[in-house]
Amino acid sequence: MYSSIKVLLVISIPVAVMILSNEASISLSSLKKNGYEVPFQQVVLSSGLGTTIVSMFGGHAAGIGGMSTTICSNEEAGVKSDRYKSALVAGILIVLFGLLAPLMINLMRAIPGE
């Protein structure tokens, strides 16, 4: 029991703070700056639930938003009504990166230490 509480304090809380400070705050502030209505509570709740779910499969933080949100919500991503296309492409690339992660790990292990 003691080790579970220790893990909660040493790992879970810092990861939650990291997600809220690095991902959620950046994406939420950029969305607001670019003229979007921001559902703060839903974003924070979704990030917490996502992190909880992926932790069961060995994953770590699963936050909604981040730098891709900043890029996709900016006026340089196109007309506001068509910006979903850039978000779709970014999402597909992120999923592909996640699926290819084991391959990349094996490639990195194959590199000689010297």
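Only a predicted model underlies this, so the values are computations on that prediction, with no experimental measurement involved.

Things to note about a nonpolar patch on the surface
Reasoning step 1: A contiguous nonpolar surface patch, about 1100 Å² in accessible area, is contributed by L88, V89, I92, L93, V95, L96, L99, L100, L103, M104 and L107.
Reasoning step 2: For M104, the location among the structural elements is in helix α4 (residues 84-110).

Focus on the environment of I13
Reasoning step 1: Inspection of the secondary structure assignment puts I13 in helix α1 (residues 2-33).
Reasoning step 2: Sequence separation between I13 and S27 is 14 residues, and the spatial gap between their C-alpha atoms is 20 Å.

Side note on the confidence of the model for the chain
Reasoning step 1: Looking at the chain as a whole, the pLDDT averages 80, with 94% of positions reaching at least 70.
Reasoning step 2: The lowest-confidence element of the chain is α1, averaging 76 in pLDDT; the highest-confidence one is α4, averaging 88.

Some points on the environment of V43
Reasoning step 1: The residue V43 is located in helix α2 (residues 40-55) in this model.
Reasoning step 2: On the basis of relative accessibility, which here comes to 10%, the residue V43 falls in the buried class.
Reasoning step 3: For the pair V43 and N74, spaced 31 residues apart in the sequence, the C-alpha separation amounts to 19 Å.
Reasoning step 4: Excluding its chain neighbours within four sequence positions, the residues that come into contact with V43 are L28 and I64.

Regarding the side chain of R83
Reasoning step 1: With respect to the helices, strands and loops of the structure, R83 is situated in the loop between α3 (67-73) and α4.
Reasoning step 2: E75 provides the closest opposite charge to the buried, unpaired R83, separated from it by 5.6 Å.
Reasoning step 3: Those residues within four positions of R83 in sequence are excluded, and the remaining contacts are N34, Y36, C72, S73, N74, E75, A77 and G78.

About the cut-offs
Residue numbers here run from 1 along each chain, matching the order of that chain's written sequence. Totals for whole chains, interfaces and linings use every residue, but because this is a predicted model, local features are given only for residues with pLDDT of at least 70 and side-chain atom pairs only at 80 or more, for both listing and counting. Computation of side-chain values covers all heavy atoms of the structure but excludes hydrogens and water. Note that patches include only residues with greater than 30% relative accessible area and no salt bridge, and the join distances are 9 Å for like charges and 5 Å for nonpolar side chains (Val, Leu, Ile, Met, Phe, Trp, Tyr). Each accessible area is a Shrake-Rupley result for a 1.4 Å probe, and residues are judged covered by the shown protein chains and nothing else. Any Lys or Arg side-chain nitrogen found within 4 Å of a carboxyl oxygen on Asp or Glu counts as a salt bridge. Secondary structure counts use DSSP, requiring at least four H or I residues in a row for a helix and at least two E residues in a row for a strand, with both numbered from the N terminus. Along the chain, pLDDT gives the predictor's confidence residue by residue, from 0 to 100. Exposed residues in this analysis have more than 50% of their type's maximum accessible area, buried residues have under 20%, and partly exposed residues fall in between, with area computed by a 1.4 Å probe over protein chains only. Here, residues are in contact when the closest pair of their heavy atoms is within 4.5 Å. Counting rule for charge: Lys and Arg are taken as positive, Asp and Glu as negative, and neither His nor the chain ends is counted.

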